[in-house]
Amino acid sequence: MNKLNLDNKLITSCRKYAKSIAKDVQDYINKHSTVSVERTVLRLLGIEGVDKFDVPLVNRLVDDVKENGDLSLGVSIYIASALKANNKNLTEYLDYYLSNNVSLTDNKLVNKNEVDKILRLYYKKSLTKIKKNRDLRTKLINKYGERKTELYVIVATGNIDEDVLQAQEAARAGADIVAVIRSTGQSLLDYVPYGKTTEGFGGTYATQENFKIMRLALDEVGNELNRYIKLVNYASGLCMPEIAAMGALERLDVLLNDSMYGIIFRDINMKRTFIDQYFSRMLNAYSGIIINTGEDNYLTTSDAVLEAHTVTASQFINEGFALEAKLKPELMGLGHAFEINPNIENSFLLEIAQAQLSRELFPKAPLKYMPPTKHINGNIFRAYQQNAMFNIVTNLTEQKIHLLGMMTEAIHTPFISDRYLAIKNAEMIQKSMKSLTDEITYKKDGFIQKRANEVLENAHMLLKQIDKDGMFKTLANGVFAETKRAEDAGKGLDGVFKKSNDYINVVSDRLEAYFNEN
Amino acid sequence: MNKLNLDNKLITSCRKYAKSIAKDVQDYINKHSTVSVERTVLRLLGIEGVDKFDVPLVNRLVDDVKENGDLSLGVSIYIASALKANNKNLTEYLDYYLSNNVSLTDNKLVNKNEVDKILRLYYKKSLTKIKKNRDLRTKLINKYGERKTELYVIVATGNIDEDVLQAQEAARAGADIVAVIRSTGQSLLDYVPYGKTTEGFGGTYATQENFKIMRLALDEVGNELNRYIKLVNYASGLCMPEIAAMGALERLDVLLNDSMYGIIFRDINMKRTFIDQYFSRMLNAYSGIIINTGEDNYLTTSDAVLEAHTVTASQFINEGFALEAKLKPELMGLGHAFEINPNIENSFLLEIAQAQLSRELFPKAPLKYMPPTKHINGNIFRAYQQNAMFNIVTNLTEQKIHLLGMMTEAIHTPFISDRYLAIKNAEMIQKSMKSLTDEITYKKDGFIQKRANEVLENAHMLLKQIDKDGMFKTLANGVFAETKRAEDAGKGLDGVFKKSNDYINVVSDRLEAYFNEN
Amino acid sequence: MKIRPYGDTLNDGATQVSFTLPIELSAKAIQAAKELAKKMGLINPSVVHSEKIGKNFSFFIIYGALNANVDIDKIKVTEIKKTSKSQKEIEEMIKTNFERELIFVGASTGTDAHTVGIDAIMNMKGFDGHYGLERYQGIKAYNLGSQVNNEDFIKIARDKKADVLLVSQTVTQKDVHLKNLVELVELLESENLRDKVILIAGGARINHELAKELGYDAGFGPGNYAEDVALFAIEELIKRKEG
Amino acid sequence: MKIRPYGDTLNDGATQVSFTLPIELSAKAIQAAKELAKKMGLINPSVVHSEKIGKNFSFFIIYGALNANVDIDKIKVTEIKKTSKSQKEIEEMIKTNFERELIFVGASTGTDAHTVGIDAIMNMKGFDGHYGLERYQGIKAYNLGSQVNNEDFIKIARDKKADVLLVSQTVTQKDVHLKNLVELVELLESENLRDKVILIAGGARINHELAKELGYDAGFGPGNYAEDVALFAIEELIKRKEG
Ligand code: B12
Ligand code: B12
Ligand SMILES: Cc1ncc(COP(=O)(O)O)c(C=O)c1O
Ligand SMILES: Cc1ncc(COP(=O)(O)O)c(C=O)c1O
């Protein structure tokens, strides 16, 4: 795996800066929580469903506290107090809550120390279920084995039933991983839609029921094929930790989980999403779900040659964030992409340099490698070729999560035949070039090595600067994706609050204890 | 260019065997001539056109001698005698010949020594024209420059006017070399059709007029583009040397010229075509026309993995034949192909090994590298990918004449869009991977090196065997392309004759003298 | 002049088609594909490839000769000629004809998060070597970014006293862009603003034809740059001033 | 059941088309492409790609929703079921039903030089792991190779007393294969031989349907092997013996 002759000291220094950058943000995070974090706690206590106005119960409860109580204490204490005061179990209390015009804040608050005792029963059930999911996943993967490079496709019809059909056919065609793309705009909703859905735009709503339906379908087809088919969905957005919880409960295997994506591409407030990200990644860590980060997206708005180092720097920072959340390298699906203009001389060599650099910098990470999108046009034949070239680099540089490019990338979300042809494209490369990476070495100080080292040096310089400026200012400067985002602008800031000294979050307390033990 | 770590002693030994094999056939050739060789002499004396039954004059004259005279003397002496006896120049004599019911053999034969003196005037005119063509080609190539790897496409509409249109558009799209495919079956005609043609099947008739029309068209578009566009046609077949002469006169740049192709794939008698080939290659050598050989075709009937060495062995033999005909390595466009089943594990590595082997064995030769055809099916997207993979190997192994694969290979002769897309495919690879071959080395004794050495060893063993058996027996055994051809079967044997001791061929005498001097 | 698709001979009608049928692959499925091709007007269609692409799906590639032709002399397209005017010349036009800065307000609207298109037209940096409107003297350009809903867009347009509105739409699935574009026109009309602005749409699947149909003044697809848009808007503004 | 092409939703009709038009690229050319697509029955066709591919040629890729559907229950295909019989079983059939060797004569006829197809069916070695007819006990197979003209073919068939004639045709440009195949039938009829043999055609563009139309007993395209051909011929010979 060592083909680039990289400077190890430089790498260590990058990590040091990244750690310091993440730590700085973490200091902020530790003092705050968000409505979404609190709703996640409720979900993990087992609260599901919507009221008669289709408002999710968890939203109603947290909003209730926000309006009528002191959310800075966290929602945990309010629930515990309500159960105790009413002498009801959770189901009984929720029935009571919904049928009578009461507030969660109506009750005398219990002593801080009692909270966990009252709620343990509930969150334990969830955490046990998640643990079982994790064990089952491990068991199934051990049973069936796992490909070195896994083929990842998306379904995006908007209709979960149609998605199921297409996901199963994709698995039969050879896909290892299936992602259900979310309906466009969902990431800006400050609640998670409920129940099975059959309408969406450019994707299907991420709901717990839809997760369940798809998980079942993939298990079914996996059983038919003697393979474990991984399921992916998207956490990034205003409900990051809630989706992480839902994904954990329904045995998703991968979650797109990146605050940077939300900030830059969805204009979500940075404070909000940093806090949400931390809690959601802790859940990912506990549930054994691989995260996918979105550095690849930077290259859709910035130039992939000039701004390559911003991807690398961001990967280091995302690694830093992930480590804060106790995520193991084996779950860090850092993102990168094949986005250099193919009309540039030696662009293929530049792509090799970049992909191999990611590979060598994060040797244990199940890197997510994205196909060309920006320089794909409506010429489906040209696109099919570009995807073949991308597939070659994927194999040459031994990536793990191999998102397949679609020949109709510039046209529509994939048709069933687009996906099938994409899989066959990747399979032909995988098979016909199986040992190619073992066969070849790159010239010492040649074009590829030089480029990789140059990108690493630039990333190092950038990290140093960011460490000086801090993340907030860096984002305001538009360092990533050439998009500027102000500290106090963007969506969802009103859902952020400072934790009081008496703040309690029974789930994160439990998880922290768990991580300390394990 | 040295990437395979080949055994030089083995290579030298291969060449020794090949030389001995070619020499053995040459001994046979030297004693014989054919009707086509004689017709070629007439063509180079300036005889063109057809009689009122559309029979080419050159056929009529040679048949005349065959019937009424002694062809073993060669046609030269009959023409010389006729001119002298009738005291006419050639044009006058031909008029006389056609209007009166006379035979070329009616005249008293001149003294052997007089023949050249009488005819020199005529063939000198042709040879001078050819020399001028050669010089002009060199001049234009020097003026415009030449790409390292030249993109070669075919036109095959059957209609020379439509061919012109498509050839010019191909050049504008980026083609460096344009081949006009012959109408299927022409290679079995024992005469060359005359004049401009607009009907053909799977290709356009190779006629001198069509050559002229296309040469003009390519010069025109080349002038527009500031490039020299090379013109290719096919000599192999029953009229090999005649087409070589026509090609020389009309400034073709490349001729498919391979007796082995005729024998195996057209069932042409081996003696006939060996003799024809020798004379035609002498003409190619004189006119600076690159020959293309057809080893690639073997892999359409034999397995490209198991029979790879037959291609290599045949390349050595064809080099041997070419050297006998005084062809310089710079004109030896030996053929090979990308024909391994892509479903075979590591087939891409096998292809690299084979292509690089050809490259290193014949470092000066403008190798002709053929695209996948056999394992292309009606899936045009898959085909486009296979062609991209082929284009990559072409660039990695620095081939010279790069025949472009068509996505519709399994369907029809190329549409204008097929050709365009094929050129764009190749250009994207050329540009984006420009320096890749300089960047990479193959593992010592790795998969690729091992395979190349194995093929070379097998070729060596085969050459040794062929040297023992002789070419005639070898072909009877079906060593190449798994096709057996008997020494005295096949088309065109009746056109072969043994030269008498008094045989004269003014053109070959002149050429031999020329080669001795140059 | 009537024309037909061209493969390798004039009027051969050579056409390639591909589609998936939601049935298992069989001789019957192949025949079904062929009959569909015939219904498309292909003479002698040849199913050159058929492949099982799932339990209940088969994929077909077909070649045939299209019977239909089209008379190109009868085709009318309202086409905005690509300008040969430079940024300088356009700035000059503004200076000559207007005493004030022209206000352009642009956004990628609705839930659309794609900004590259609108940025290409508006941002300093521009696209493909063509500077964006922000760099034009005489133009004040406000780029509101993406995910701007129509109400907010109109509000800001009114606040800024926009002369020209630029709307970008990239996501077209289930025709979400059409809904969104039409809604904007309706809102503008209901607020009596429609006639007071030049309304321009753009995006990968937008063209002038379509934009006109939807009630816009112009539409720009791929391959257009700031100068094309600026020139159109300014000529239109001059016309309106004079007319 | 009526079916339509399928993209990502049942009955969405999603269809891809590409062709070249013999005119320069322009908005007009794009519109012409769109109108042709409409004439093909595509609703809302979208020209997703257009490219100048020569001085006077432009290339188009189009997606649209096909309006037409096809009723698969009404489709009739005469299909030769691929056999599940093995070489052994077929040899047994011959032994049981005939006292003599059955004579098969095959060739790639006309100027066609492609032998891989006919070899796949006839040669010892076979194809894709299926042995050829030469290896069958009870069958005497003569493979005449390629470029055999119809007259010679018939002469040899008569000499060898052929029961079954196998004709391969690969080159189809300008329908040369049709001419050649029809000529063979006519020659056989004029020599009163047509009824005395089982006449079978094969090749990349041949199918049973087409072969029947041309007056053959059967036609085999890609994906067929010696056993399929042998079984058809032998069942037919038994029928004729009995009938
Ligand atoms: C970059 C990109 C993204 C980036 C956007 C970053 C950003 N800040 O813009 C990211 C990664 C965030 C993204 C996300 C998504 N994307 Co996106 N994305 C693309 C991509 C790769 C390129 C688009 C682009 O930048 N083109 C370059 C610009 C310059 O071209 P353009 O927009 O056509 O602009 C030109 C003209 O049209 C015109 N123009 C454009 N706007 C305007 C406006 C005016 C007024 C004028 C005058 C002219 C004009 O001028 C420009 C210059 O000539 C395309 C695929 C492709 N190759 O086309 C998919 C694509 C557009 N995305 C798609 C989808 C579905 C999404 C998602 C919904 C789901 C997903 N796949 O993740 C999300 C969410 C986005 C949302 N809700 O809108 C689909 C849309 C399918 C469809 N037809 O509906 C596409 C086609 C990919 C696909 N096949 O699935 N995407
Ligand atoms: C190999 C090949 C050659 C070899 C042939 C060697 C040989 N001894 O056979 C060589 C190199 C000599 C050659 C030459 C030419 N070829 Co060629 N060739 C091909 C190629 C690559 C593969 C054909 C093949 O072998 N297929 C594999 C066999 C097993 O498949 P099959 O024939 O379909 O056979 C199966 C069935 O159809 C069936 N079957 C076939 N015959 C029969 C008969 C019976 C009785 C039965 C029951 C079944 C049966 O059973 C087989 C097994 O399932 C194709 C392109 C392609 N990828 O298809 C072009 C192709 C056929 N060739 C073509 C052409 C034009 C030529 C040439 C005329 C010009 C040229 N391009 O050089 C020359 C001259 C040939 C001539 N006059 O016939 C064109 C034909 C275009 C058209 N549709 O008309 C093609 C499609 C290439 C192209 N796109 O231009 N060719
Ligand atoms: C990290 C990350 N999260 C989320 C998304 C998708 O988010 P949305 O559902 O907002 O389109 C992406 C898409 O590329 C992504 O890269
Ligand atoms: C060496 C050689 N000669 C000639 C030809 C073409 O010959 P014909 O015109 O007989 O098809 C080929 C075709 O592949 C060839 O390789």
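Refer to the structure above for everything that follows.
Read on for a plain summary of the structure.

Criteria and cut-off values
Residues numbered from 1 in each chain as written. Chains lettered and ligands numbered in written order. Predicted model: local features only at pLDDT ≥ 70, side-chain atom pairs only at ≥ 80, totals over all residues. Heavy atoms only, no water. Axes fitted to C-alpha atoms, helices over the stretch in contact; angles between N-to-C directions. Helix = DSSP H or I, 4+ residues; strand = E, 2+ residues; numbered from the N terminus. Parallel < 35°, antiparallel > 145°, perpendicular 65-115°, else oblique. Left-handed = near helix turned anticlockwise from the far one by under 90°. Contact = heavy atoms within 4.5 Å. Nonpolar A, V, L, I, M, F, W, Y, C, P; charged D, E, K, R; others polar. Salt bridge = Lys/Arg side-chain N within 4 Å of Asp/Glu carboxyl O. Buried < 20%, exposed > 50% of the residue type's maximum accessible area, 1.4 Å probe, protein only. Least-squares fit on C-alpha atoms with pLDDT ≥ 70 in both.

**Details of the packing of helix α9 (residues 240-249) of chain A against helix α11 (residues 270-287) of chain A**
Residue and element names in this part refer to chain A.
- Look at α9 against α11: their axes get within 7 Å of each other, and the N-to-C directions meet at 15 degrees. When the interaxial angle is binned, α9 and α11 end up roughly parallel. Crossing of α9 against α11: the hand is right-handed. Taking contact as the criterion, the partners of Met240, Pro241, Ala244, Ala245 and Ala248 in α9 are, on α11, Thr273, Asp276, Gln277, Phe279, Ser280, Leu283, Asn284 and Ser287.
- Split into classes, the residues belonging to the contact of α9 with α11 amount to 7 nonpolar, 5 polar and 1 charged.

**Examining the side chain of D:Thr20**
- Within the element layout of this structure, D:Thr20 appears in strand β2 (residues 14-21).
- Excluding its chain neighbours within four sequence positions, the residues that come into contact with D:Thr20 are B:Ile416, B:Ser417, C:Arg4, C:Pro5, C:Tyr6, D:Ile53, D:Phe57, D:Ser58 and D:Phe59.

**A closer look at the pattern of salt bridges**
- All told, the structure shown has 90 salt bridges over all chains when counted by the stated rule.
- A salt bridge links A:Glu242 to A:Arg43; the shortest N-O distance between them is 2.9 Å. Within this pair, whereas A:Glu242 is found in helix α9, its partner A:Arg43 is found in helix α2 (residues 35-44), the two being separated by 199 residues in sequence.
- According to the relative accessible area criterion, A:Arg43 is buried, its value standing at 11%.
- A salt bridge links B:Glu242 to B:Arg39; its shortest N-O distance comes to 2.8 Å. One end of the pair, B:Glu242, is in helix α9 (residues 240-249); the other, B:Arg39, is in helix α2 (residues 35-44), and 203 residues separate them in sequence. No difference in accessibility class separates B:Glu242 from B:Arg39, as the two residues are buried.
- One network of salt bridges, in which partners are shared, links A:Arg39, A:Arg43, A:Asp190, A:Glu242, A:Arg272 and A:Asp276.

**Considering the packing of helix α14 (residues 347-361) of chain A against helix α18 (residues 447-469) of chain A**
Residue and element names in this part refer to chain A.
- Direction vectors running N to C along α14 and α18 enclose 55 degrees, while the axes themselves pass 8 Å from each other. Viewed along their axes, α14 and α18 adopt a mutual orientation that is oblique. Between α14 and α18 the crossing geometry is right-handed. Contacts from Leu349, Leu350, Ile352, Ala353, Gln354, Leu357 and Leu361 of α14 reach α18 at Phe447, Ile448, Arg451, Ala452, Val455 and Leu456.
- Of the residues that constitute the contact of α14 with α18, the class distribution is 11 nonpolar, 1 polar and 1 charged.

**Focus on the relation of the copies chain D and chain C**
- The two copies are related by a screw operation: chain D maps onto chain C through 180 degrees of rotation and 0.0 Å of translation along the axis, at an RMSD of 0.1 Å. The relationship between the two copies is best expressed as a two-fold rotation axis.
- In this assembly, 100% of the residues forming the interface of chain D have copies in chain C that are likewise at the interface, indicating an isologous arrangement.

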